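Structural description and commentary
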Amino acid sequence: MRGHPSFAKEGNIPAFKIAHYRDFLDGRSRLHVRVHLRRLEGMSGKFRNRLSIAASYFRHKALLSGGPIEISLESTAKCNLYCPMCPRSFYTFDNENMDLDVYRRIIQDCKDYVEFVWPYGIGEPMIHPSIFEMIRITREAGIRTGMSTNATLLDDRRADMLFDCGLDYVIFAFDGATKVTYEKYRDGATFEKTRENILNFLNKKLERKSPVYVVLQMVLLKENAHETDLYKKLWSIPGVDEIRFKRDETQIDGLKIPDNELKGQRRNPCHYLWRGPLYVRYDGVAYPCCYMWKEPPIGDLKKQSMMEIWNSEGMVNLRKAHLKGDLSQYPACQTCQAARPSLMSLYGSLMLDSLTVRKAVPALEKLARFYNIGVFEKG
């Protein structure tokens, strides 16, 4: 790959391992090898962090010694589509991008414990002019990256750049198996053009023998829920690693599937408050999770460190409320439609690395939907 920086400093990695990896540099990306070396050095620390978070969760500790395992960094709040099931359809968000220096500082602050970064939020990440540099910065820090994109801007040039920057995991949000349904839910997009973009990306993946994990995702809504079989036929092709039918988490009247809303309070404390992803807005302002964007923020990463925010008074009090089972002061948590994993699933999500967890999520959802296996809390 052209333009990658020279081999990085190896730190405490034994010399024989460095020599071993250098022997295999021919035909490989120096970036990917450097990232692998960095991971060897940092793996034990991140694993210890994960164990610390797991112990805190199961011991009902609200003040944590470990940092978040995942974070979401809103690279941009801009979007080029008008999807009716998106919060943008009923709430006005700032039309701004995250500054690259802010992004870089956040990554440097949390690189010792964060395992996975989502460089996207309420907007379409491909809009940010530096999205590929953001992913590269994250990878060079030894952190895995994943993002969701509507793929409308994924032309040939951007597809190559997405491979070159080292993305690990990508969700293509394609919410319909037919032109009519897709263009209803992805207002502003064209079925044929977006599919062509994705097919081109998949062909490049196969040609490059790239390990990037590709998920084709359809949010299940009132007028596309009957298209699951057709959707599987449409996307059961080489290069697609998983097809995901995601539960609708916005539950907007007229769009939602009737009688599909989660009722009552979750039985277990929300795992997002222990493992993440912590949600960071484009301007560095932080929220407990992406579902609490209308609630008061818990800090500002332009003024505070990640750990200061992670153990801020607001975050600790929210964890305590979940541990007590009293969410009366947190209406967003009372009505939250996010997944509610069973204790066994929670245990797995805290024991396994984040990329493995992300790869497993669609398969676990299928087990719950089609085989009634207890992956999630029972209603």
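Position numbers for residues count from 1 along each chain, tracking the sequence in the order it is written. Reporting of local features is limited, given that this is a predicted model, to residues whose pLDDT is at least 70; pairs of side-chain atoms are given and counted only at 80 or more, and all residues count toward the totals for whole chains, interfaces and linings. Excluding hydrogens and water, the side-chain figures rest on all heavy atoms present in the structure.

What follows concerns the overall build of the chain. Each helix corresponds to a stretch of at least 4 residues labelled H or I by DSSP, and each strand to a stretch of at least 2 residues labelled E; elements are numbered beginning at the N terminus. A tally of helices and strands in the chain yields 14 helices and nine strands. Considering only contacts within the chain whose residues lie at least 6 apart along the sequence, 73% involve residues at least 24 apart. Every residue pair with non-hydrogen atoms within 4.5 Å of one another is taken to be in contact.

This brings us to the pattern of salt bridges. Each salt bridge in this description consists of a side-chain nitrogen of Lys or Arg and a carboxyl oxygen of Asp or Glu lying within 4 Å of one another. The full count for this structure, using the stated rule, is 25 salt bridges. Residue R281 pairs with D283 through a salt bridge whose shortest N-O separation is 2.7 Å. For R281, a relative accessible area of 25% corresponds to the partly exposed category. Each residue gets one of three labels from its accessible area relative to the maximum for its type: buried under 20%, exposed over 50%, partly exposed in between, using a 1.4 Å probe on protein chains only. For D283, a relative accessible area of 17% gives the class buried. Linked by salt bridges that have partners in common, D156, D160, D164, K204 and R208 make up one network.

As used in this record, nonpolar core signifies buried Ala, Val, Leu, Ile, Met, Phe, Trp, Tyr and Cys residues forming a set joined through side-chain atoms within 4.5 Å. One finds L162 and F201 to be the most contacted residues of the largest nonpolar core, which totals 94 residues. If sequence neighbours within four positions are ignored, L162 has contacts with M126, F132, I135, M147, L154, L167 and F201. Listed in part, the seven residues of the second largest apolar core include F116, Y169, I171 and L355.

Side chains that are three or four residues apart share a direction in an α-helix, a result of its 3.6 residues per turn. With 12 residues, helix α11 (residues 313-324) extends 16 Å between its outermost C-alpha atoms, agreeing within 8% with the 16 Å of an ideal straight helix rising 1.5 Å per residue. For α11, the elements touching its buried residues are α9 (272-275), β7 (278-280), α10 (306-310) and α12 (331-334). Here the expected span of a helix is defined as 1.5 Å times the quantity of residues minus one.

With that settled, consider unusual backbone geometry. The amide bond that connects G276 to the next residue, P277, takes the cis arrangement and shows omega of 10 degrees. Structurally, the position occupied by P277 is in the loop between α9 and β7. The backbone phi angle of Q251 is positive, close to 50 degrees, even though this residue is not glycine. With respect to the helices, strands and loops of the structure, Q251 is situated in the loop between β6 (242-247) and α9. Positive phi values are uncommon outside glycine, yet D259 reaches one of about 60 degrees. Position of D259 among the secondary structure elements: in the loop between β6 and α9.

Before going further, it helps to examine the packing of aromatic side chains. Pairing of aromatic rings covers Phe, Tyr and Trp, the last through its six-membered ring, and needs centres within 6.5 Å; plane angles under 30 degrees mean stacked, over 60 mean edge-to-face, and all others mean tilted. Scanning all chains against the criterion turns up 20 aromatic pairs. Where F58 meets Y347, the ring centres are 6.0 Å apart and the plane angle is 55 degrees; that geometry is what we call tilted. With F58 in helix α2 (residues 30-58) and Y347 in helix α13 (residues 343-351), the pair connects residues that are 289 residues apart, well separated along the chain. Both rings, one in F172 and one in F201, keep their centres 5.3 Å apart while their planes meet at 85 degrees; by these two values the pair is edge-to-face. In this pair, F172 sits in strand β4 (residues 169-173) while F201 sits in helix α7 (residues 191-208), placing the two residues 29 residues apart along the sequence. By relative accessible area, which is 0% here, F172 ends up buried. We classify F201 as buried; its relative accessible area is 1%. Through a chain of ring-to-ring contacts, the aromatic side chains of F116, W118, Y120, Y169 and Y213 assemble into a single cluster. Over the ring of W235 we find R195; its NZ or CZ atom is 4.7 Å from the centre of that ring. Consider the ring centre and the ring normal. A charge sits over the ring if Lys NZ or Arg CZ is within 6 Å of that centre and within 35 degrees of that normal. Directly above the ring of W310 sits R319, whose terminal nitrogen or CZ lies 4.6 Å from the centroid.

Attention now goes to α7. Its 18 residues give α7 an end-to-end C-alpha distance of 26 Å, which sits within 8% of 26 Å, the value for a rise of 1.5 Å per residue. For α7, every residue scored as buried is listed here: F191, T194, N197, I198, F201, L202, K204 and K205. Those residues of α7 that are buried are in contact with α5 (156-164), β4, α6 (179-185), β5 (213-220) and α8 (228-235). One or two positions beyond α7, positive phi appears at K209, with a value near 55 degrees.

Tracing the backbone shows I243 in strand β6. Take I243: its relative accessible area is 9%, and that puts it in the buried class. Each C-alpha atom of the pair I243 and K366 lies 9.9 Å from the other, and the pair is 123 residues apart in sequence. Setting aside its immediate chain neighbours within four residues, I243 contacts L216, Y231, K232, W235, S236 and K366.

What follows deals with the environment of M134. Mapped onto the fold, M134 is located in helix α4 (residues 131-140). For M134, a relative accessible area of 0% translates into the label buried. Residues M134 and R104, 30 residues apart in the sequence, show an inter-C-alpha distance of 7.5 Å. Filtering out sequence-adjacent residues up to four positions away, M134 remains in contact with S75, M98, L100, Y103 and H128.

What follows is about the sheet that holds β7. Sheet architecture is open: nine strands sit in the order β6-β5-β4-β3-β2-β1-β7-β8-β9, paired in mixed fashion. Every other strand in the sheet has two partners, leaving β6 and β9 (299-300) as the edge strands with one partner each. Strand pairing requires that DSSP identify at least two bridges connecting the strands. Bridge count between strand β8 (residues 285-287) and β9: two bridges; the pairing is antiparallel. Across the sheet, residue V285 finds its bridge partner in β9, namely D300. With respect to the sheet, helix α3 (residues 100-110) is in contact with β1 (70-73), β2 (116-118) and β7, its orientation differing from that of β1 by roughly 175 degrees. Each axis is a line fitted through C-alpha atoms, taken for helices only over the stretch in contact, and angles between the N-to-C directions span 0 to 180 degrees.

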